[in-house]
Amino acid sequence: MLNESIIDSFAEWAELVEPRLGHALTASFGSQLGKDAAVDALAHAWVQWDEVRAKDDRLGYVYGVGRNMARRGAQRRPVFLPVAIQRLPDVEPGLPGAIAGLPERQRVVITLVYGYQWTLSEVAALLGTSKSSVQNHAERGLVRLASRWGCSCEHVVDRPAPISIDGSLRTIPPMSTP
């Protein structure tokens, strides 16, 4: 028989991290596979809760489990939902495809930092890397996205970093096309 405190501790933790885990895995694998991976990873966490709850970085560990599970069924390129008509003209219709075309680390960083407003520290902890590495992936991803629409890549590189090293976001003026 399960101890109610174990059930409660998992339920509280899962409720807290489920949205963030879903965001991170969706950024890696696209809308549907990312959501499925998050559910599978949380199911694994429940089965292995004694082991998982002893970890210092539970979210990072369960994210890794979800990535491994999703890779078994991953497509070469993730599929993101198209931009809803109601979101036009505020969102570029080609953005989901452009983000899907980024390398995985750049795609995850761009999506979490700019889409879900995670801090550099939060993304670094999830990915098991440094804040400066996350900053580099963000900058490179922005350059790739800018070049997709014919924006001057020099303009993006020469501008101050969009994210300060302490992890806070700065307001970025819109990029102009040449």
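Attention here is on the structure that accompanies the text. Remember, it's a predicted structure, so these values are computed and weren't measured experimentally. (Residues numbered from 1 in each chain as written. Predicted model: local features only at pLDDT ≥ 70, side-chain atom pairs only at ≥ 80, totals over all residues. Heavy atoms only, no water.)

### Structural notes on helix H4 (residues 58-71)
Put simply, the rule is: Every helix listed is a DSSP run of H or I at least four residues long, and every strand listed is a run of E at least two residues long, numbered separately from the N terminus. By this rule the span expected of a helix is its residue count minus one, scaled by 1.5 Å. Residue exposure (1.4 Å probe, protein chains only): buried if accessible area is under 20% of the type maximum, exposed if over 50%, otherwise partly exposed.
Taking 1.5 Å of rise per residue, the 14 residues of H4 would be expected to cover 20 Å, and the 20 Å separating its terminal C-alpha atoms lies within 8% of that figure. Leu59, Gly60, Val62, Tyr63, Val65, Gly66, Arg67 and Ala70 are the residues of H4 that are buried.

### Let's talk about the pattern of salt bridges
Spelled out, the test is: A carboxyl oxygen of Asp or Glu within 4 Å of a side-chain nitrogen of Lys or Arg is what we treat as a salt bridge.
Under the definition given, this model contains 4 salt bridges. Its salt-bridge partner being Glu122, residue Arg20 comes within 3.2 Å of it at the nearest N-O pair. Of the two residues, Arg20 is situated in helix H1 (residues 4-29) and Glu122 in helix H7 (residues 120-127); the sequence distance between them amounts to 102 residues. Glu104 serves as the salt-bridge partner of Arg71, at 3.6 Å between the closest nitrogen and oxygen. With Arg71 in helix H4 and Glu104 in helix H6 (residues 104-115), this residue pair connects regions lying 33 residues apart in the sequence. Each of Arg67, Arg71 and Glu104 takes part in salt bridges that share partners, so that together they form one network.

### Description of a negative patch on the surface
For clarity, the threshold we go by: Patch membership needs two things, relative accessible area over 30% and no salt bridge, and members are linked within 9 Å if like-charged or within 5 Å if nonpolar (Val, Leu, Ile, Met, Phe, Trp, Tyr). Only the protein chains shown count as cover for residues, and all accessible areas are computed by the Shrake-Rupley method using a 1.4 Å probe. His is not counted here, nor are the chain ends, while Lys and Arg score as positive and Asp and Glu score as negative. To locate a charge, the coordinates of NZ of Lys, CZ of Arg, CG of Asp or CD of Glu are taken.
A surface patch of negative charge is lined by Glu4, Asp8, Glu12 and Glu15. Counting through the fold element by element, Asp8 comes out in helix H1.

### Topic: the packing of aromatic side chains
Our working definition: Aromatic rings from Phe, Tyr and Trp, with only the six-membered ring used for Trp, were paired whenever their centres fell within 6.5 Å, and each pair was classed as stacked if the ring planes differed by under 30 degrees, edge-to-face if by over 60, and tilted otherwise.
Using the criterion set out here, one finds 4 aromatic pairs in the structure. On the basis of an interplanar angle of 45° and a centroid distance of 6.2 Å, the ring pair of Phe10 and Trp13 is categorised as tilted. With Phe10 and Trp13 both in helix H1, this residue pair falls 3 residues apart, about one helical turn. In this structure Trp13 comes out as buried when scored by relative accessible area, which is 9%. Relative to Trp49, the ring of Phe10 has its centre 5.1 Å away and its plane inclined at 80°; by these criteria the two rings are edge-to-face. Pair noted here: Phe10 is in helix H1 and Trp49 is in helix H3 (residues 49-52), with a separation of 39 residues, a long-range link. Judged by its relative accessible area of 11%, Phe10 is buried. Taking relative accessible area as the criterion, Trp49 reaches 3% and is therefore assigned buried.

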